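These are the residues of each chain, in order.
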Amino acid sequence: MAKILPFSKVPGPRGLPVIGTLFEYLKKDGLKFNKMFEVYRQRALEYGNIFKERVGPMHHVVISCPVEYSKVINSEGKYPVRIQMLPIAHYRKLRGLDLGLVNAQGEEWYKTRTIVSKKMLKLSEVLRFSEEMGQVADDFVTRLDTATNSLGEVPGLEYELFKWTLESIGTFLFEERIGCLGDKPTPIAHSFLENVEGFFKTLQPLLFNVPVYRLWPTDTWIQFEQYADNIMSIGTFLVNKSLQESDFSSAFINYLANVCHMTTQEITGLVVDLLSAAVETTSAATLWSLYNLAKNPHVQENILQEINDVKVKNGGTITAEQRSKLPLVRAVVKETLRLYPITFATSRYLPEDIVLSGYNIPAGNHIQANLYGMYHDSSLFPKPESFLPERWMKTSDVQMDPIVKSTSQLVWGHGARMCIGRRIAEQEMHIVLSKIVEKFHLSYQHDDLEPVLSTMMVPDRPVKIKFTARQ
Ligand code: HEM
């Protein structure tokens, strides 16, 4: 049997006592926090499938091999622990709120998760909203049509996608239209969007820097608190409105209040968590998908063919549910998230020691999957920099190794704590992408985009896709 090496022998950059490699990131022309995924990829090339690094207060063990990381997945236990979003947890504690689904741990997390899973992870429950999401997607397509400039581009496409996602998740949470997609968003929609944008902008520096805001309120912290307070009051308004309209209240909020007996404050905390987790993520993934489609016109043509095939079999129509199941559209989203995994590393703290790549990793270490590194590794994904959605399709000539194939799930996390909004996000994206491709020919005539981290992985500059209406 191979000897198990101690934790101290895990390779990695040495760094300094107490602060580790922090200086490498603070130096002018040094490593960049907003390119952390590239740092991990390079470190994996230098140190191999496992490395450890301390950056300021954070210690990480980073795994770049799917087989090794599958051991982590299998050892996460009943109450998986992910790294906390510290600024959000701190804010909630200060306001006397519970930690919410994203940050709660143990029994507290499990209780809420069990309640919410019944509505959000059940396919039939999510499919119930496909038609409404289809209508939101139609309005978004109309909005794109009116928002194009003389070059056929949509200025502020990122913000338009933000509005679409909020409107779309609103159909599930409140079963009502929030009003984001008209020429002028309603005041509540406008205020929510502005505050969510500010929330994520201020969250990013708070996440990556030493958490001095816990000792005294820095300027960024004060702004962050203000955005979070505004989001909470909008959430409270929307939830109260739903609860008061007893005959018409949303099935989801009704279920939380009347079946699960959650208090209004608990429901608001949860709804705000869901809204905040839904908007940035889904809009970023859709933006990258549109970019990939714009650069690959032949994929658009194949999607049109896919849509037409369904229509031919279906008397000339296609339902939103059928759109949500189109194999090539699904593969486009998978391949997009492989190239641009908006959450570039998924992670766990394990309850027990574990052996990874021959090293003993004591319980309580922060273990991350180097998703970006794996997804761009040519030994796992041939031609890793090419956009090849067909690699995910059953009809593909090349059969992918099952463990490598399963890594596509990791962008949603894994196990009992996997993204609870996955089904909703996928449904929304599949429907809207198929509708956009049907209405427009997309093209991209500018320099290639580079990914950077702004909490999520996003393009480094405004995305100027040309939308040409099809005849
Ligand atoms: C492209 C879209 C999205 C991506 C890639 C994404 C990705 C993720 C990832 C990686 C996690 C961590 C999972 C883990 O630790 O195993 C997560 C958690 C979570 N996501 Fe998403 N997400 C997306 C959309 C959404 C949407 C639409 C919602 C809400 C409707 C949502 C709500 C949440 C919540 C509440 C959690 C915490 C779950 C828990 O800890 O139990 N996400 N997401």
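Residues numbered from 1 in each chain as written. Predicted model: local features only at pLDDT ≥ 70, side-chain atom pairs only at ≥ 80, totals over all residues. Heavy atoms only, no water.

Student: So what about the coordination of the iron atom of the ligand? Which residues, and what values?
Tutor: When a metal holds four donors in a tetrahedron, each ideal angle between them is 109.5 degrees; when it holds six in an octahedron, the ideal angles are 90 or 180 degrees. If you check the protein contacts of the iron atom of the ligand, you find one donor only, Cys419 (SG), at 2.3 Å. Along the polypeptide, cysteine 419 turns up in the loop between α18 (402–406) and α19 (422–439). (Donors = N, O, S within 2.8 Å, 3.2 Å for Na, K, Ca; no water. Helix = DSSP H or I, 4+ residues; strand = E, 2+ residues; numbered from the N terminus.)

Student: Explain the site of the ligand to me, using residue names and the numbers behind them.
Tutor: Surveying the vicinity of the ligand reveals 27 residues, the closest of which are Trp109, Arg113, Arg348, Arg417 and Cys419. Tryptophan 109 places a polar side-chain atom, nitrogen or oxygen, 2.8 Å from an oxygen atom of the ligand. Contact distances for the ligand include 3.0 Å between an oxygen atom and a backbone N or O atom of histidine 414. Elements with a contribution of two residues or more to the shell around the ligand: α5 (100–103), α6 (106–120), α13 (264–295) and α19. For the shell around the ligand, the leading source of residues is α13, giving six residues. Looking at the shell around the ligand, its residues break down into 17 nonpolar, six polar and four charged. (Near = heavy atom within 4 Å. Polar contact = N/O pair within 3.5 Å; in protein donor to acceptor, adjacent residues only side chain to side chain. Nonpolar A, V, L, I, M, F, W, Y, C, P; charged D, E, K, R; others polar.)

Student: Tell me what's going on with unusual backbone geometry, and back it up with residues and numbers.
Tutor: Despite not being glycine, glutamate 175 shows a phi value in the positive range, around 50°. By secondary structure assignment, the location of glutamate 175 is in the loop between α9 (157–173) and α10 (187–208). Of note, the phi angle at lysine 383 is positive, near 50°, even though the residue is not glycine. Locating lysine 383 in the fold gives a position in the loop between α17 (371–375) and α18. When its relative accessible area of 59% is taken as the criterion, lysine 383 is described as exposed. (Buried < 20%, exposed > 50% of the residue type's maximum accessible area, 1.4 Å probe, protein only.)

Student: Before we move on, could you go through the packing of α6 against helix α12 (residues 251–259) and cite the residues and values that matter?
Tutor: Where α6 meets α12, the closest approach of the two axes is 11 Å, and the angle between their N-to-C directions is 150°. On the basis of their axis angle, the class for α6 and α12 is roughly antiparallel. With respect to the hand of their crossing, α6 and α12 are arranged in right-handed fashion. Taking contact as the criterion, the partners of Ile115, Val116, Lys118, Lys119 and Met120 in α6 are, on α12, Phe252, Tyr255 and Leu256. Looking at the contact of α6 with α12 residue by residue, the class counts come to six nonpolar, no polar and two charged. (Axes fitted to C-alpha atoms, helices over the stretch in contact; angles between N-to-C directions. Parallel < 35°, antiparallel > 145°, perpendicular 65-115°, else oblique. Left-handed = near helix turned anticlockwise from the far one by under 90°. Contact = heavy atoms within 4.5 Å.)

Student: Would you mind going over the side chain of arginine 417 in detail, with residue names and values included?
Tutor: Looking at the element boundaries, arginine 417 is found in the loop between α18 and α19. In this structure, arginine 417 is buried with no salt-bridge partner, the nearest side chain bearing the opposite charge being aspartate 273 at 7.7 Å. At a separation of 2.9 Å, a polar atom in the side chain of arginine 417 contacts the main-chain carbonyl oxygen of leucine 101. Polar contacts involving the side chain of arginine 417 include one to the side chain of glutamine 105, which spans 3.0 Å. Those residues within four positions of arginine 417 in sequence are excluded, and the remaining contacts are Glu76, Pro80, Val81, Arg82, Leu101, Val102, Asn103, Ala104, Gln105, Trp109, Arg113 and Arg348. (Lys, Arg positive; Asp, Glu negative; His and termini not counted. Salt bridge = Lys/Arg side-chain N within 4 Å of Asp/Glu carboxyl O.)

Student: Describe a nonpolar patch on the surface, naming the residues involved and giving the relevant values.
Tutor: A contiguous nonpolar patch, built from Val210, Val212, Leu215 and Trp216 and spanning about 420 Å² of accessible area, is present on the exposed surface. Mapping valine 212 onto the fold places it in the loop between α10 and α11 (219–244). (Patch = residues over 30% accessible without salt bridge, like charges linked within 9 Å, V, L, I, M, F, W, Y side chains within 5 Å. Areas by Shrake-Rupley, 256 points an atom, 1.4 Å probe, with all protein chains shown as cover.)

Student: So what's going on with the packing of helix α16 (residues 327–339) against α19? Residues and values would help.
Tutor: Running from amino to carboxyl end, α16 crosses α19 at an angle of 110°, the nearest separation of the two axes being 10 Å. Here α19 runs roughly perpendicular to α16, going by the angle between their axes. The interaxial crossing formed by α16 with α19 has right-handed handedness. Along its contact with α16, which presents Val329, Arg330 and Val333, the element α19 presents Met429, His430, Leu433 and Ser434. Among the residues making up the contact of α16 with α19, the classes are represented as four nonpolar, two polar and one charged.

Student: Could you give an account of the UniProt feature "binding site: heme" (unreviewed entry) in the protein chain, with specific residues and numbers?
Tutor: Here the UniProt-annotated "binding site: heme" (unreviewed entry) positions come out as Cys419. Owing to a relative accessible area of 31%, cysteine 419 belongs among the partly exposed residues under this scheme. If we skip the residues at most four places from it in the chain, cysteine 419 touches Leu121 and Trp412. (UniProt positions renumbered as here; feature names shortened; annotations may be inferred.)

Student: Lay out helix α3 (residues 66–73) with the relevant residues and their values.
Tutor: Among the residues of α3, Pro66, Glu68, Tyr69 and Val72 are the ones counted as buried. Buried residues in α3, looked at end-on, bunch into an arc of 155°, giving them a common side. Where α3 is buried, its residues touch β2 (58–63), β3 (345–349), β4 (354–356), β6 (366–370), α17 and α18. (Arc of directions from axis to C-beta.)

Student: Let's hear about the environment of alanine 2: which residues, and what values?
Tutor: Structurally, alanine 2 can be placed in the segment before α1 (22–26). Along the sequence, alanine 2 and glycine 358 sit 356 residues apart, while their C-alpha atoms lie 7.7 Å from each other.

Student: Describe the pairing of β6, and please don't skip the residues or the numbers.
Tutor: Within β6, five of the five residues are buried, which leaves the element mostly enclosed by the surrounding structure. Alternating residues of β6 divide into His366, Gln368 and Asn370 and Ile367 and Ala369, and every residue in both groups is buried. Relative to β6, β2 is paired through three bridges, and the arrangement is parallel. Bridge pairing in β6 places valine 61 opposite isoleucine 367. Note: β3 against β6, five bridges, orientation antiparallel. For tyrosine 349, the partnering residue across the bridge sits in β6 and is histidine 366. (Pairing = 2+ DSSP bridges.)

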